[in-house]
Amino acid sequence: EGYTPLSYMETPQGLFTGALTGGLGYHNSMIFFTEHTMFKLSWDQDPLVDPFMTNITTKHGALSQRVIVEVEGRVYAMDQQGIHVWSGGFPKLISRPIEPIFQDLNFALRENFHATYFPRLRAIRWFVCYSTGDSSNYPTKYIQYDIDTGNWGTGQYYQAISESRL
């Protein structure tokens, strides 16, 4: 869930990184995203008493809150460069094998992109809109990542999928 009062926070990279696009609690900290950066808000005793921010990366971010998924302590997120995973060090771009797909995505509709984890499949699906072949403003196609094997796949639904989480 978004929390509007966070707009007062300035990112560690300064004013040129853009607005916050997402965030999630991660262990004893919060991870925040802009479209091109990630940073961590941590604290010793209380986030209101002794907070401090740490840059994670200035190369990877998230399009929106809806494309960020945490599975088993690993944070997966999508930006315009691809999909990356982070678990405490530096984020790793994992979508290189499907890089051509990102050239076909309609990022003008990125607010309608979303992702969810399917526990039975042990896979994450990012529901995305393509530049051609999609007649709806909502995704009918998805990109799927198997978290155990690292294999990628794609799929399609007959109807548009506007949400994948409650």
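In this text, all values refer to a predicted model and were calculated from it rather than measured experimentally.

Draft legend 1. Main features of the nonpolar core. Among the nonpolar cores identified, the biggest contains 37 residues, and Phe33, Tyr76, Met78, Leu105, Phe113, Trp126 and Ile143 are the most heavily contacted of them. At the level of secondary structure, the elements contributing two or more residues to this core comprise strand E1 (22-26), strand E2 (29-33), strand E5 (68-71), strand E6 (74-79), strand E7 (82-86), helix H1 (99-103), strand E10 (123-128) and strand E11 (141-146). Looking at this core element by element, the count peaks at four residues for E6.

Draft legend 2. Spotlight on unusual backbone geometry. Of note, the phi angle at His27 is positive, near 55 degrees, even though the residue is not glycine. Here His27 is to be found in the loop between E1 and E2. Although it is not a glycine, Arg122 sits at a positive phi angle of roughly 55 degrees. Residue position: Arg122 is located in the loop between strand E9 (114-118) and E10. Under the relative-accessibility criterion, Arg122 is labelled partly exposed at 25%.

Draft legend 3. Geometry of the pattern of salt bridges. All chains considered together, the criterion is met by four salt bridges. A salt bridge links Arg66 to Glu163; the nearest nitrogen and oxygen atoms lie 2.9 Å apart. In this pair, Arg66 sits in the loop between strand E4 (51-57) and E5 while Glu163 sits in the segment after strand E12 (152-156), placing the two residues 97 residues apart along the sequence. Connected through shared salt-bridge partners, Glu72, Arg122 and Asp148 make up one network.

Draft legend 4. The sheet that holds E5, seen in detail. Here we have four strands laid out as an open sheet, ordered E5-E6-E7-E8, and antiparallel in their pairing. Two strands lie at the open edges of the sheet, namely E5 and strand E8 (92-93), each paired on one side alone. Judged from the four bridges that link them, E5 and E6 form a sheet pairing that is antiparallel. Counted as the bridge partner of Val71 is Arg74 from E6.

Draft legend 5. Structural detail: the sheet that holds E4. One open sheet accounts for four strands, arranged E1-E2-E3-E4; its pairing is antiparallel. In this open sheet, the two strands that pair with only one neighbour each are E1 and E4. Averaged over neighbouring strand pairs, the angle between their axes works out to 25 degrees when direction is ignored. The pairing of strand E3 (residues 38-43) with E4 spans six bridges and is antiparallel. For Trp43, the partnering residue across the bridge sits in E4 and is Pro51.

Draft legend 6. Region of the structure containing the packing of aromatic side chains. Inspection of every chain in the model, using the stated rule, returns nine aromatic pairs. Measuring from centroid to centroid gives 5.8 Å for Phe127 and Tyr142, while their planes differ by 55 degrees, and the two rings are tilted. Here Tyr142 lies in strand E11 and Phe127 lies in strand E10, a separation of 15 residues in the sequence. With centroids separated by 4.6 Å and ring planes inclined at 45 degrees, the aromatic side chains of Tyr145 and Trp152 adopt a geometry described as tilted. Its relative accessible area of 10% is what places Tyr145 among the buried residues. An aromatic cluster is present here, built from Tyr76, Trp126, Tyr145 and Trp152 joined pairwise through their rings. The ring of Phe118 carries the charged tip of Arg125 above its face, separated from the ring centre by 4.7 Å.

Rules of the game
Residues numbered from 1 in each chain as written. Predicted model: local features only at pLDDT ≥ 70, side-chain atom pairs only at ≥ 80, totals over all residues. Heavy atoms only, no water. Core = buried A, V, L, I, M, F, W, Y, C linked by side-chain atoms within 4.5 Å. Buried < 20%, exposed > 50% of the residue type's maximum accessible area, 1.4 Å probe, protein only. Helix = DSSP H or I, 4+ residues; strand = E, 2+ residues; numbered from the N terminus. Salt bridge = Lys/Arg side-chain N within 4 Å of Asp/Glu carboxyl O. Pairing = 2+ DSSP bridges. Axes fitted to C-alpha atoms, helices over the stretch in contact; angles between N-to-C directions. Phe/Tyr/Trp six-rings, centres within 6.5 Å; stacked < 30°, edge-to-face > 60°. Lys NZ or Arg CZ within 6 Å of the ring centre and 35° of its normal.

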